[in-house]
Each structure stands twice: as structure tokens, then as C-alpha cells.
Amino acid sequence: MLGSEENIKTLAQIQKALEAVDCDRTAHGLTDSERELLEESALALRQAERVLIEQTEKDLLKQLDSVTARLVEVSRLIRDKVKSINNIAKTLDELEAVVKYLALIGGFASKLKK
């Protein structure tokens, strides 16, 4: 994450430099060679900006992939736990039915003794 933060700061610096170079390129009184140097500087800064943006995007995509993989794992764990809990609930329901049946038989047996 620190790399992305550094990239963002560097991008801001590049953008400020681009603004300054663009402003200077339009100034009156520049020689052709000075104007050409400023244009080359602007091109180099724009190229650096593109490279940095691409790198930042790649870093962010890697982070998103990592987070997504963890979310998939957590989802699987939750589904497994829910399945296990549902199995326990099903077993308890079956046990309840057996206990009720035994209570019914016990009730019949006590009525027959009377």
C-alpha cells in the first residue's frame, strides 16, 4: 500500500511540473531551442505520468485480487459452517420427533396400566 501512496504523491509532483512546463512553453520571448526543450520536458513528464499510472493500477489490481481471494475463502468457510449448523438443526429436529414419539408411547403405556 505504501508504494501506491508514494506513486500518488509522485503523480501530484509530476502534474505540478507539467503545469509549470506548459505555462513556461507559452511564454513570449523564448528561443526555438528553449521552447523545444520545454516541449521535450513535457513529453517526458507525460510519459513518466503514464508509466506511474499504469504501475499504480497494477498494484491496486494485485491488492484487489488478494482481497477477493480472501473473501472467496471466507465465503466458503461461512457456507461450510452454515451447512454444519443446518445438519445439527436437522438432527435435533429428528431427535425431537423421536422424543415426542417416545412420550406418546409412554403416555399410551401409562393409560393402559390404569
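Residues numbered from 1 in each chain as written. Predicted model: local features only at pLDDT ≥ 70, side-chain atom pairs only at ≥ 80, totals over all residues. Heavy atoms only, no water.

1. Details of the overall build of the protein chain
The test is simple: Each helix is a run of DSSP H or I of at least 4 residues and each strand a run of E of at least 2, with the numbering of both proceeding from the N terminus. Just to be clear, the radius of gyration here is over C-alpha atoms, and the globule rule we use is 2.2 Å times residues to the power 0.38. Residue burial is assigned from relative accessible area. The probe radius is 1.4 Å, only protein chains are included, and a residue is buried under 20% of its type maximum, exposed over 50%, and partly exposed in between. The contact criterion used throughout is that any non-hydrogen atoms of two residues lie within 4.5 Å. His is not counted, nor are the chain ends, whereas Lys and Arg count as positive and Asp and Glu as negative. Charge coordinates come from a single atom per side chain, which is NZ of Lys, CZ of Arg, CG of Asp or CD of Glu.
A count of helices and strands for the protein chain gives two helices and zero strands. Taking 114 residues into account, the globule formula puts the C-alpha radius of gyration at 13 Å, and the protein chain, at 36 Å, lies well above it. Counting only C-alpha atoms, the protein chain reaches 120 × 20 × 15 Å along its principal axes. For the protein chain, with 114 residues in total, the buried portion stands at 11%. Within the protein chain, residue pairs in contact and separated by at least 24 positions form 65% of the contacts whose partners lie at least 6 positions apart. Distance between charge centroids for the protein chain: 23 Å, based on 18 positive and 20 negative side chains.

2. A word on the nonpolar core
Using the following cut-off: The term nonpolar core refers to a set of buried residues drawn from Ala, Val, Leu, Ile, Met, Phe, Trp, Tyr and Cys, joined through side-chain atoms within 4.5 Å.
Formed by Leu11, Ile14, Leu18, Val21, Leu38, Ala42 and Leu52, the largest nonpolar core amounts to seven residues. For this core, the elements supplying multiple residues, two or more each, are α1 (2–25) and α2 (32–113). With four residues, α1 is the largest single contributor of residues to this core. Once you skip the residues sitting within four places of it in the chain, Val21 turns out to touch Leu38, Ser41, Ala42 and Leu45.

3. Some thoughts on the environment of Ile85
Of note, Ile85 is situated in helix α2. Judged by relative accessible area, which is 53%, Ile85 ranks as exposed. Sequence spacing of Ile85 and Val67 is 18 residues, and the spatial spacing of their C-alpha atoms is 27 Å.

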